[in-house]
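Working through the structure, step by step
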Amino acid sequence: MKQFSALLATLVACLLFSLPSGAQGKHEINLYMSGACSEYLSLNTPRDYTMDLYGLYETQVRYIQSGPGLTLEYNYALLNWLVLGGQFNYHRVIWDQYSRVGGNRANYTNTKNKVALLPQAKFRIPGMRHFRLYAKVAVGMMLNIGHYYTQDPVVFAWDVVPIGCEWGGQRVYGTAELAYGSVIKGGRIGIGFRF
């Protein structure tokens with residue numbers, strides 16, 4: 001929570017004291033913070049095996065915690081409306097394995113680090129100078145580092161942002177987006193630098 005408060009305070013400071021507007025640069029660096037990762041949100045529902053004998057002996061997985069995700073991206077403005085680049089995502093997930101026969105006690109608890117590398121295309125929507133809308137799509141790979149139960153260490157990853165916005169100055173700006181995909185389901189908020 002302290003990280004989120006510090007990021008929010010930085011965003012507000014950048015908006016109040018943004019650098020004077022000059023010519024818009026071609027390079028962008030954005031740093032985002034997001035909520036729980038997609039795997040945590042989609043797989044944190046235990047399967048009900050009450051009527052299945054097989055399920056009594058099948059190992060179950062229960063996600064305990066997923067910290068905030070961090071995204072760092074670099075973009076280059078090829079055209080006024082088309083920006084190409086890439087993003088690096090990091091999430092940490094804590095989970096345990098248990099069996100129903102053992103009284104739902106955890107056999108062990110483990111941590112998994114998820115790192116995603118995705119090339120992306122960002123499409124800017126023409127608009128006002130201090131408030132800009134965009135959409136983006138990214139496709140790449142995700143590395144599962146640490147102990148994993150049934151997943152491969154390298155998996156296909158994708159991320160779609162149907163709507164995102166930038167506000168503030170032309171060089172330092174705040175940014176927020178709604179995201180859906182195998183990396184993030186929910187939203188991101190962050191700060192960007194253009195040069």
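Calculation criteria
Per chain, residue numbering runs from 1 following the sequence as it is written. Side-chain atom pairs in this predicted model are given and counted only at pLDDT of 80 or more, local residue features only at pLDDT of at least 70, and totals for whole chains, interfaces and linings cover all residues. Based on all heavy atoms of the structure, the side-chain values leave hydrogens and waters out of the count. Put simply, DSSP H or I for four residues or longer makes a helix, DSSP E for two residues or longer makes a strand, and each gets a number counted from the N terminus. Relative accessibility thresholds used throughout: buried, under 20% of the residue-type maximum; exposed, over 50%; partly exposed, between the two (1.4 Å probe, protein chains only). Computed by Shrake-Rupley with a 1.4 Å probe, the accessible areas treat only the displayed protein chains as cover when residues are assessed. To pair, rings of Phe, Tyr and Trp, with the six-membered ring standing in for Trp, must have centres within 6.5 Å; the planes then decide the type, stacked if under 30 degrees apart, edge-to-face if over 60, and tilted in the middle. We count a charge as sitting over a ring when the NZ of a lysine or the CZ of an arginine lies within 6 Å of the ring centre and within 35 degrees of the ring normal. A strand pair is defined by DSSP finding two or more bridges across the two strands. Polar contact is defined as a pair of N or O atoms within 3.5 Å, subject to the rule that within protein one atom must be able to donate a hydrogen and the other to accept it, and that residues adjacent in sequence are counted only when both atoms are side-chain atoms. Any two residues whose heavy atoms approach within 4.5 Å at even a single point are treated as in contact. Joining through side-chain atoms within 4.5 Å is the link that ties buried Ala, Val, Leu, Ile, Met, Phe, Trp, Tyr and Cys residues into a set, and such a set is a nonpolar core.

Here the focus is the overall build of the protein. Broken down by element type, the protein carries 3 helices and 9 strands. Secondary structure elements of the protein, listed N to C terminal, follow the sequence α-β-α-α-β-β-β-β-β-β-β-β. The buried share among the 195 residues of the protein stands at 38%. Summed over all atoms, the accessible surface of the protein reaches about 10,600 Å², with 67% contributed by carbon and sulfur.

All right, on to the packing of aromatic side chains then. Counted under the stated rule, the structure contains 1 aromatic pair. When the ring centre of Y134 is taken as reference, the NZ or CZ atom of K122 above it lies at 4.3 Å. Taking the ring centre of Y173 as reference, the NZ or CZ of R132 above it sits at 5.7 Å.

Further remarks concern the environment of K114. Secondary-structure assignment places K114 in strand β5 (residues 106–125). Separated by 31 residues in the primary sequence, K114 and I145 have C-alpha atoms spaced 6.1 Å apart.

Pairing geometry for strand β1 (residues 27–34) and strand β9 (residues 185–194), over 7 bridges, is antiparallel. Bridging across to β9, Y32 finds its partner in G190. Connecting the antiparallel pair strand β8 (residues 172–181) and β9 is a turn made up of 3 residues.

Another aspect to go through is the environment of R194. Along the chain, R194 falls in strand β9. Accessibility expressed as a relative area gives 4% for R194, which makes it buried. Once the C-alpha coordinates of R194 and R171 are considered, the two residues, 23 residues apart in sequence, prove to be 4.6 Å apart.

Quick look at the side chain of K122 now. Here K122 shows up in strand β5. On the accessibility criterion, K122 (1% relative accessible area) is buried. Polar contacts involving the side chain of K122 include one to the side chain of E166, which spans 2.9 Å. Not counting residues up to four positions away in its chain, the partners in contact with K122 are E28, N30, N75, W81, L82, V83, Y134, A135, K136 and E166.

Turning next to the side chain of D159. Locating D159 in the fold gives a position in strand β7 (residues 154–168). Within the structure, D159 has its side chain in polar contact with the side chain of R188 (distance 2.7 Å). Excluding anything up to four places from it in sequence, D159 contacts Q87, L118, K136, V137, A138, A179, Y180, G181, I184 and R188.

Next up on the list: the nonpolar core. Counting 11 residues, the largest nonpolar core consists of Y32, A116, L118, Y134, A138, M142, A157, V161, A179, V183 and I184. Per-element accounting of this core gives the leading share, 3 residues, to strand β6 (residues 131–146). Discounting residues that sit within four places of it in the chain, V161 has contacts with Y134, A135, K136, E177, L178, A179 and R188.

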